[in-house]
Amino acid sequence: MNRHLLTIDDVTREDIVRILDTAESFREVGTRVIKKVPALRGRTIVNLFYENSTRTRISFELAAKRLSADVINFTTSGTSVAKGESLKDTALTLQAMGADAIVIRHSSSGSPYALTKWVTGSVLNAGDGTHEHPTQALLDLYTIREKLGRFEGLRVAIIGDVLHSRVARSLTHALVKMGAEVTLVGPPTLIPPDAPAWGAEVSYDIDGALPKLDVCYILRVQRERQRQQYFPSVREYARLFGLSRERVGMMPEGTLIMHPGPMNRGVEIGSDVADLPQAVIEQQVTNGIAVRMSLLYLLLGGSGTEETSPDA
Amino acid sequence: MHEPTLFEGARVVDPASGRDGVANVLVEDGVLTAVGEGVSAAGAAVFACDGLVLAPGLVDLHAHLREPGREDKETVESGSRAAALGGYTAIAAMANTDPVADNAAVIHEVRDLAAQAGLCDVFPVGAITKGLEGEFMAEMGEMAEAGVRLFSDDGHCVPRSRVLRMAMQYSRAFDVVIAEHCEDVGLSEGSQMHEGFHSYTLGLAGEPPEAEEIVVYRDLALAGLTGARLHLCHLSTAGSVELVRQAKAQGLRVTAEVTPHHLTLTDADLVSYDTNLKVKPPLRSADDRDALRTGLADGAIDVVATDHAPHAVEEKEAEFDQAPSGTIGLETALAVVLTELVEPGLLTLTRAIEAMSVAPARILGATDHGGSIEPGRPANLVVFDPHAEWLVEPPFASKSRNSAFLGRRLRGRVVHTMLRGSLVVSDGKAQR
């Protein structure tokens, strides 16, 4: 494992398996009455969130606390520049306070890379602009493996605003790496023309893609994209690319329905579709904690040897 | 007056006269008095130049000196010193200062500051439109009377075709040059880099090459319509090179420039999110870079210009999408061209000197610069060691250090720069 987690590109196939296996052993912790292990006792983890993201922050916070680490939440809305203090100065401050790991969420692509130049601790990318969201991809992989038991040859469609989706980037790289067949589906304005170079197929026809899927992964579509002319109206988007109840019927029975949240019910996903038994959206959230525990543990020097393993 | 200076045994490369061979060069009272084998002079300060190249002082058509307005980034003096150390004896200072150089008063101020510094001739560029706002023509006539030869709203394109058409037509009264920064801002809005595989993968908003080419085409059409002299700044795409090539074949009065960074770097270099590589126009694909190199070699592109754009450290040490665009370039341009183009055989040394001195001097109307190296001509010269290797790192003479080439080893180091007979750089050190 690298010291940082900036992009899924840096994580090998073997590392992914190790992260998921370690998460497996941590998941049991969440079912205990006392949901805590001492693995990172005395270590300091900072959640540096420049973007509002309650669910990701809470997930990281819970993960760190269940490992007995000390957690500090540094949350600010807007950019660091608007706030007055630069990202660099904030980083140097956190460095001076002895942060062992910094979990950063930022609206600017590449910000975690900049952070690594100024701190000695581990940097975890919790979503940077429209670049990547590697921990989301890993928890999605965990959920897929849990439900379907494999990746090789799985047919996965990622549907929606791929162009602006950090989730789509990380998940595509991760799934391709694990041997799945990925198709990116959406209006042409929201699918990067160069996506085939990532190893994914591209389709503008959701109905053609659905009948052969093992996993149907729906992306959140921001309403402001309409104002930016990516599609003419939310209504038309929902009609052409939303996963309606009728479209669910076009998929094989066991096809998983996934969504990174938060959902726009009635837009990219039909109002009641998220409540179907094949929708595993809540399990994604639950698994997120275990996967983030695994990542913090492995990045912060949990050696993975028997003596210090979470089961010990 | 200075004592006579004799450069002994240099390889004299003078594209204007076609000379390329070892000779001695004698300078007296600011003027070249003898060039040839065996030239000597009693009492002259002698500089042994074995293995060194002596050429006409370099001329940069495109530098941002930031004064007046942003003296924390650069001043006319610090920029002139950076230029002299880079082998330049004349530079054009872009108009996007604060206040904007859209009137003769600012032109005079910049020129006076340059004269006080005495390191390099500075030719202020006049704005095409008032305040660079693209709406109303600036007083080009008054600035032309004050000696301005090049007009540009650089940093911006003149977006309204009618405004540009009028400026081009008007410019013909003074036979000055309209220099355009070609960018369709409606298409490039919000972009951070070249659009392509890398922008999609890095999650940075991309600018397609067409954002430049659409405006290049429009400007060439307007040059045809008006008969104006058009200069195209920092071209970055294969399509632009082809458009200029065609326009020249049709006889339009058009010239074009390319920067050292567009000739050498590509969008693939941005994978580390290094903000020093964030420039406008953006670093393009390898195919574009190769087309720029070909265009420079075959004359479709006339000039290598730096687009020297100093920015404060704290501005560049920011999130990628919040950092300003630009790289400094005056101190590295020659070495980049020598290392990346001349040494691998992509460009002859003569062609490099032509593009960095002769052609820009002609466009700028800088008649004292660009050669030839012959008796009677003003002694504006550079002497450099084409093989001396050095590491690009601070400190720079520039007040800023946002170089796209930081950390690179380059070959080619300026030894002496002579401005009208005075050694402003000697043994690689600025003399004032």
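Note: the structure precedes this text.
Bear in mind that the values here come from a model prediction, so they are computed numbers and not experimental data.

What to know about the overall build of chain B
Here comes step 1: Assigned secondary structure in chain B consists of 13 helices and 19 strands.
Here comes step 2: Relative to the 2.2 N^0.38 estimate, which gives 22 Å for 432 residues, the radius of gyration of chain B is 21 Å and therefore close to what a compact globule would have.
Here comes step 3: Each principal axis of the C-alpha atoms in chain B carries an extent, and together these give about 65 × 50 × 45 Å.

Regarding the overall build of chain A
Here comes step 1: Looking only at helices and strands, one finds 12 helices and 9 strands in chain A.
Here comes step 2: Relative to its length of 312 residues, chain A is compact, with a C-alpha radius of gyration of 19 Å against a globular reference of 20 Å.
Here comes step 3: The C-alpha extent of chain A, read off along each of the three principal axes, is 50 × 45 × 35 Å.
Here comes step 4: Buried residues in chain A amount to 51% of all 312 residues.
Here comes step 5: Put simply, 73% of the contacts in chain A that link residues at least 6 apart link residues at least 24 apart.

Comments concerning the interface of chain B and chain A
Here comes step 1: The interface is formed by 15 residues belonging to chain B together with 21 residues belonging to chain A.
Here comes step 2: Looking at which element gives the most residues to the side of chain B that touches chain A, the answer is helix H6 (residues 197–202) of chain B, with 3 residues.
Here comes step 3: Of the residues belonging to the side of chain B that touches chain A, the class tally is 7 nonpolar, 4 polar and 4 charged.

Some remarks on the pairing of strand E1 (residues 44–49) of chain A
All names here are of chain A.
Here comes step 1: Burial runs high along E1: 5 of the 6 residues are buried.
Here comes step 2: Summarising the sheet, E1 and strand E2 (residues 70–75) pair through 6 bridges and their orientation is parallel. Bridge pairing in E2 links phenylalanine 49 to threonine 75.
Here comes step 3: Between the parallel elements E1 and E2, the chain passes through helix H2 (residues 54–66) in a crossover that is right-handed.

A word on the sheet that holds strand E8 (residues 215–218) of chain A
Think of a sheet as strands paired side by side through backbone hydrogen bonds, with each pair either parallel or antiparallel.
Residues and elements named next belong to chain A.
Here comes step 1: If you walk across this open sheet you meet the 5 strands as E7-E6-E5-E8-E9, and the pairing is parallel. With partners counted over all chains shown, the strands left at the sheet margins are strand E7 (201–203) and strand E9 (256–258), one partner each. Each neighbouring strand pair of the sheet contributes to a mean axis angle of 20 degrees, computed without reference to strand direction.
Here comes step 2: For strand E6 (residues 181–185) and E7, the ladder comprises 3 bridges, and the chain directions are parallel. Within E7, the residue paired with valine 185 across the bridge is serine 203.

Comments concerning the environment of valine 414 of chain B
Residues and elements named next belong to chain B.
Here comes step 1: Within the secondary structure layout, valine 414 lies in strand E17 (residues 409–419).
Here comes step 2: Between the C-alpha atom of valine 414 and that of tyrosine 88, which follows or precedes it by 326 residues, the distance is 9.7 Å.
Here comes step 3: If we skip the residues at most four places from it in the chain, valine 414 touches Leu85, Gly86, Gly87, Leu334, Val382, Phe384, Val425 and Gly428.

Observations regarding the sheet that holds strand E7 (residues 88–93) of chain B
All names here are of chain B.
Here comes step 1: Across the sheet, 3 strands lie side by side as E6-E7-E8; this open sheet has parallel pairing. Each end of this open sheet is capped by a strand with a single partner; those strands are strand E6 (58–63) and strand E8 (121–124). Adjacent strand axes in the sheet meet at a mean angle of 20 degrees, parallel and antiparallel pairs treated alike.
Here comes step 2: Sheet strands touched by helix H2 (residues 104–117): E7 and E8. Its angle to E8, the strand with the most contacts, is close to 170 degrees.
Here comes step 3: Packed onto the sheet, helix H13 (residues 349–364) meets E6, E7 and E8 and runs at close to 60 degrees relative to E6.

Some points on H13 of chain B
Residues and elements named next belong to chain B.
Here comes step 1: The first and last C-alpha atoms of H13 sit 22 Å apart over 16 residues, in line with the 22 Å expected at 1.5 Å per residue.
Here comes step 2: Within H13, the axis deviates most sharply at alanine 355, by approximately 40 degrees.
Here comes step 3: Among the 16 residues of H13, 13 are classified as buried, and the element is accordingly described as predominantly covered.
Here comes step 4: Positive phi appears at glycine 365, one or two residues downstream of H13, with a value of about 65 degrees.

Description of the nonpolar core
Here comes step 1: Membership of the largest hydrophobic core comes to 241 residues, with the highest contact counts inside it found for Cys216 and Leu296 of chain A.
Here comes step 2: At 9 residues, H13 of chain B tops the list of elements feeding residues into this core.
Here comes step 3: Among all residues touching leucine 296 of chain A, those that are not within four sequence positions of it are Leu40, Ile45, Ala63, Ala64, Leu67 and Ala101 of chain A.

Description of unusual backbone geometry
Residues and elements named next belong to chain B.
Here comes step 1: Cis rather than trans, the peptide bond between aspartate 98 and proline 99 has omega equal to 5 degrees.
Here comes step 2: Tracing the sequence through the fold places proline 99 in the loop between E7 and H2.
Here comes step 3: Of the consecutive residues glycine 371 and serine 372, the connecting peptide bond is found in the cis state with omega at 0 degrees.
Here comes step 4: With a phi close to 50 degrees, aspartate 175 is a non-glycine residue in the positive phi region.

Each value, and the rule that gives it
- Residues numbered from 1 in each chain as written.
- Chains lettered and ligands numbered in written order.
- Predicted model: local features only at pLDDT ≥ 70, side-chain atom pairs only at ≥ 80, totals over all residues.
- Helix = DSSP H or I, 4+ residues; strand = E, 2+ residues; numbered from the N terminus.
- Rg over C-alpha atoms; globule rule 2.2 N^0.38 Å.
- Buried ≥ 20, exposed ≤ 12 C-beta atoms within 10 Å, placed from the backbone.
- Contact = placed C-beta atoms within 7 Å.
- Nonpolar A, V, L, I, M, F, W, Y, C, P; charged D, E, K, R; others polar.
- Pairing = 2+ DSSP bridges.
- Right-handed = clockwise from strand over helix to strand, strands pointing away.
- Axes fitted to C-alpha atoms, helices over the stretch in contact; angles between N-to-C directions.
- Expected span 1.5 Å × (residues − 1).
- Bend = angle between axes of the 7 residues up to and from the residue.
- Core = buried A, V, L, I, M, F, W, Y, C linked by C-beta atoms within 7 Å.

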